[in-house]
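Structural overview
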Amino acid sequence: METFSMEFFMALGSIVVMDLALAGDNAVVIAMAANKLPHEERKKAIFIGTGGAVAIRIALTFIAVELLTIPFLQALGGLILLPIAIGLLAPAHKAGEDAHIEAAHSLGAAVKTIIVADAAMSLDNVLSIAGAAQGHFLLVAAGLLISIPIVVAGSSLLGAIMDRFPALMYVGAAIIGWTSGKMFLADGALGEHITNAFAAFGSAGHYVLPALLAVLVCAVGHFKARRQKAAESVA
């Protein structure tokens, strides 16, 4: 594929569309991870975390073909997402007023969560985009640079909405749990076995594990949040 040819720009358009379509879950993670921070700290967390996540995504693209051959990799990514989703609903902190201050100023923790979660959720994205780019790294980099501002803006908007409607945090956690289940199903070593295990559900079997994990992270996160609230009221 020649650089800046018609084929190049058509491939670039498809990559930008894929970036935006596949970035919805990532935007939810970014918004939820930074949601406990003050406004200015939230902006920093989003920009720093997104920058680190993009750097990891570009690095992963170089080894996209090799990633396909690694067994249990997508399952590991899905496993990483589960405690992250639960932790976003019930972040660990001290009781009382000091807890709010500690959680609100944990810029480093928010950035770490964004980078780790995005890296785990980006495996499917990277492999899909690498295939569309046909090995042309400039296409991948250009597609990311075009879509980054849109993802960041979307994360900021989601954060503002969650401030107003905190219950939406559960929707975000459910999305992350669902994504975790889809990653287990896509794993080269485990996916077929998991699919066979739910074969009794017919065509709906492919959605059973994602749905179960979506419910699980919300239930566990809710339980932990209630227990924390009870401990704080006693203290």
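As a reminder, the structure under discussion sits directly above these lines.
To start, this report covers the structure provided alongside it. Computed from a predicted structure; not experimentally measured.

Looking only at helices and strands, the protein features 11 helices and zero strands. Sequence-ordered secondary structure for the protein, helices as α and strands as β, is α-α-α-α-α-α-α-α-α-α-α. A fraction of 87% describes how many contacts in the protein between residues 6 or more apart in sequence connect residues 24 or more apart.

Here we take up the packing of aromatic side chains. Scanning the entire structure with this criterion turns up two aromatic pairs. Here W178 and Y207 contribute two aromatic rings whose centre-to-centre distance is 6.2 Å and whose plane-to-plane angle is 25 degrees, an arrangement assigned as stacked. Of this pair, W178 sits in helix α9 (residues 168–186) while Y207 sits in the loop between α10 (191–197) and α11 (208–234), and the two are 29 residues apart along the sequence. Each ring, one from F198 and one from F201, has its centre 6.2 Å from the other, and the planes form 50 degrees; the classification is tilted.

A complete count under the given rule lists one salt bridge for this structure. In this structure, E41 engages K44 in a salt bridge whose closest nitrogen and oxygen atoms are separated by 3.9 Å. Separated by three residues within a single helix, E41 and K44 lie in helix α3 (residues 39–62), roughly one turn from each other. Its relative accessible area of 45% is what places K44 among the partly exposed residues.

With their axes 7 Å apart at the nearest point, α9 and α11 run at an angle of 140 degrees to one another. Between α9 and α11, the crossing angle belongs to the class labelled oblique. Classified by chirality, the crossing of α11 by α9 is right-handed. Mapping the contact onto sequence places Y170, A173, A174, G177, W178, S180, G181, K182, F184 and L185 in α9 and L209, P210, A211, L213, A214, V217, C218 and H222 in α11. Taken together, the residues of the contact of α9 with α11 break down into 13 nonpolar, four polar and one charged.

What follows is about α9. With 19 residues, α9 should cover 27 Å at 1.5 Å per step; its first-to-last C-alpha distance of 27 Å lies within 8% of that length. Looking only at α9, the buried set comprises M169, G172, A173, I176, G177, T179, S180, G181, M183, F184 and L185.

On to helix α5 (residues 73–89), then. With 17 residues, α5 extends 26 Å between its outermost C-alpha atoms, agreeing within 8% with the 24 Å of an ideal straight helix rising 1.5 Å per residue. Of the positions making up α5, those classed as buried are Q74, A75, G77, G78, L81, L82, I84, A85, I86, L88 and L89.

A word on a nonpolar patch on the surface. Taken together, the side chains of L157, I161, F165, L168, V171 and I175 present a nonpolar region at the surface, about 490 Å² in accessible area. Of all the secondary structure elements, the ones that give two or more residues to the nonpolar patch are α8 (137–164) and α9. Ranked by residue count, the leading element in the nonpolar patch is α9, at three residues.

Turning our attention to the nonpolar core. Counting residues in hydrophobic clusters, the biggest one holds 38 residues, and the most contacted among them are M32, A45, I176 and V217. Those elements that provide at least two residues to this core are α2 (24–34), α3, α5, α7 (107–133), α9 and α11. Apart from the residues within four sequence positions on either side, V217 is in contact with L82, A85, I86, L89, A173, A174 and G177.

Our next topic: the packing of α5 against α11. Look at α5 against α11: their axes get within 8 Å of each other, and the N-to-C directions meet at 40 degrees. By the angle between their axes, α5 is oblique relative to α11. Classified by chirality, the crossing of α11 by α5 is right-handed. Residue-level inspection shows L82, A85, I86 and L89 of α5 in contact with α11, the latter providing L213, V217, C218, V220, G221, K224 and A225. Residue composition of the contact of α5 with α11, grouped by class: nine nonpolar, one polar and one charged.

What counts, and where the lines are drawn
- Residues numbered from 1 in each chain as written.
- Predicted model: local features only at pLDDT ≥ 70, side-chain atom pairs only at ≥ 80, totals over all residues.
- Heavy atoms only, no water.
- Helix = DSSP H or I, 4+ residues; strand = E, 2+ residues; numbered from the N terminus.
- Contact = heavy atoms within 4.5 Å.
- Phe/Tyr/Trp six-rings, centres within 6.5 Å; stacked < 30°, edge-to-face > 60°.
- Salt bridge = Lys/Arg side-chain N within 4 Å of Asp/Glu carboxyl O.
- Buried < 20%, exposed > 50% of the residue type's maximum accessible area, 1.4 Å probe, protein only.
- Axes fitted to C-alpha atoms, helices over the stretch in contact; angles between N-to-C directions.
- Parallel < 35°, antiparallel > 145°, perpendicular 65-115°, else oblique.
- Left-handed = near helix turned anticlockwise from the far one by under 90°.
- Nonpolar A, V, L, I, M, F, W, Y, C, P; charged D, E, K, R; others polar.
- Expected span 1.5 Å × (residues − 1).
- Patch = residues over 30% accessible without salt bridge, like charges linked within 9 Å, V, L, I, M, F, W, Y side chains within 5 Å.
- Areas by Shrake-Rupley, 256 points an atom, 1.4 Å probe, with all protein chains shown as cover.
- Core = buried A, V, L, I, M, F, W, Y, C linked by side-chain atoms within 4.5 Å.

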